[in-house]
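The residues making up each chain are set out below.
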Amino acid sequence: MKVAAGLARMLAGFGIPADGDAARLLGRYLELLLKWNARINLTARGEWDALEPLVREGVWSAQLYPPGERSHLDIGSGAGFPAIILRIFNPGMKLEMVESRGKKAAFLETAAWELGFGEVRVHAERLDAFLRRGPGEKRWDSISWKAIRLSGAELASLRLHAGEDTRFWMYHGANAAVGEPAALSEGLRLEKSLRVPGTNDSWLSIYRGSRHCS
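So, here's what we can say about the structure. (Residues numbered from 1 in each chain as written. Predicted model: local features only at pLDDT ≥ 70, side-chain atom pairs only at ≥ 80, totals over all residues. Heavy atoms only, no water.)

## Examining the nonpolar core
1) Next: Counting residues in hydrophobic clusters, the biggest one holds 47 residues, and the most contacted among them are L26, Y29, V55, F81 and F107.
2) Next: For this core, the secondary-structure elements that each account for two or more residues are α1 (3-14), α2 (21-37), α3 (48-62), α4 (83-89), β2 (93-98), α5 (102-114), β5 (162-172) and β7 (203-209).
3) Next: Counting residues per element, this core draws most heavily on α2, which supplies nine residues.
4) Next: Not counting chain neighbours up to four residues away, the residues in contact with L26 comprise L7, L11, V55, V59, I85, I88 and F89. (Core = buried A, V, L, I, M, F, W, Y, C linked by side-chain atoms within 4.5 Å. Buried < 20%, exposed > 50% of the residue type's maximum accessible area, 1.4 Å probe, protein only. Helix = DSSP H or I, 4+ residues; strand = E, 2+ residues; numbered from the N terminus. Contact = heavy atoms within 4.5 Å.)

## Let's talk about the packing of aromatic side chains
1) Next: One pass over the full model with this rule turns up five aromatic pairs.
2) Next: Plain terms: the ring middles of Y29 and F107 are 6.5 Å apart, the flat faces sit at 35 degrees to each other, and that makes the pair tilted. Taken together, the residues Y29 in helix α2 and F107 in helix α5 connect sequence positions 78 residues apart.
3) Next: Of the residues examined, Y29 reaches a relative accessible area of 0% and is grouped as buried.
4) Next: One aromatic cluster in this structure is built from Y29, W36, F81 and F107.
5) Next: The aromatic ring of W36 is capped on one face by R39, whose charged end is 4.8 Å from the ring centroid.
6) Next: Between R87 and the ring centre of F117, over which it is positioned, the NZ or CZ distance is 4.0 Å. (Phe/Tyr/Trp six-rings, centres within 6.5 Å; stacked < 30°, edge-to-face > 60°. Lys NZ or Arg CZ within 6 Å of the ring centre and 35° of its normal.)

## So, the packing of α2 against α3
1) Next: Direction vectors running N to C along α2 and α3 enclose 140 degrees, while the axes themselves pass 13 Å from each other. On the basis of their axis angle, the class for α2 and α3 is oblique. Crossing hand, α2 versus α3: right-handed. Packed against α2, whose contacting residues are L26, L30, L33 and L34, the element α3 presents W48, L51, V55 and V59 at the interface.
2) Next: When the residues that make up the contact of α2 with α3 are grouped by side-chain class, the tally is eight nonpolar, no polar and no charged. (Axes fitted to C-alpha atoms, helices over the stretch in contact; angles between N-to-C directions. Parallel < 35°, antiparallel > 145°, perpendicular 65-115°, else oblique. Left-handed = near helix turned anticlockwise from the far one by under 90°. Nonpolar A, V, L, I, M, F, W, Y, C, P; charged D, E, K, R; others polar.)

## Observations concerning α3
1) Next: Its 15 residues place the ends of α3 20 Å apart at the C-alpha level, agreeing with the 21 Å of an ideal helix rising 1.5 Å per residue.
2) Next: All buried positions along α3 are accounted for by W48, L51, E52, V55, E57, G58, V59, W60, S61 and A62.
3) Next: Contacts from the buried residues of α3 go to α1, α2, α4, β5, β6 (188-195) and β7. (Expected span 1.5 Å × (residues − 1).)

## Focus: the side chain of D74
1) Next: Within the secondary structure layout, D74 lies in strand β1 (residues 70-75).
2) Next: No salt bridge is formed by the buried D74; its nearest oppositely charged neighbour, R101, is found at 9.1 Å.
3) Next: A polar atom in the side chain of D74 sits 2.5 Å from the side chain of S144.
4) Next: When residues no more than four places from it in sequence are discounted, the contact partners of D74 are P82, A83, L95, E96, M97, V98, S144 and W145. (Lys, Arg positive; Asp, Glu negative; His and termini not counted. Salt bridge = Lys/Arg side-chain N within 4 Å of Asp/Glu carboxyl O. Polar contact = N/O pair within 3.5 Å; in protein donor to acceptor, adjacent residues only side chain to side chain.)

## Examining the environment of F14
1) Next: Its location among the elements puts F14 in helix α1.
2) Next: Counting along the chain gives 46 residues from F14 to W60, while the straight-line C-alpha distance between them is 8.2 Å.
3) Next: With residues up to four places along the chain from it excluded, the contact list for F14 reads R56, V59, W60 and Q63.

Written out as structure tokens, the structure is:
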């Protein structure tokens, strides 16, 4: 099945209008991804059967996202799953993406520009360097990561930038996407853990962070 046809069928299953802004932006994003994928390795494969689980996960989790203007940090953004899709369905999101691989960071910058996301910022550096750089205290309403494992030290650094209402969105398989799972209980508390529909071993666990948790 071609990507455009597969996307239309999937969105219909979610009840998302095919002629709406979200569908249009999502289609454009996938067009850009396939174009760039011919030159750099954004995804292992470009066929719809390979892309569909990634797109479905993003669309599904976007429906869980709280409405309104929120600042969001995505770590190890890669090809933009799920961060770009979350932003497509939540226009009020102020998105920052940290991606240390230069070519993938360049793709994310291009995608944000082409999709008209003027407020999106891409940081082409490692997370630890990004958190150390610049004056003042960084603070986000939501923090997400997928397809990487955060170390205990990285998670501790992120907690310093988390308020009582900050949500940590961890996309993971059977095991937690952290190097030291015990670190998740240090200053974080689990709100919900949901299996991604249509999968057996893909999960979204949402934690709430507080500087004052012990």
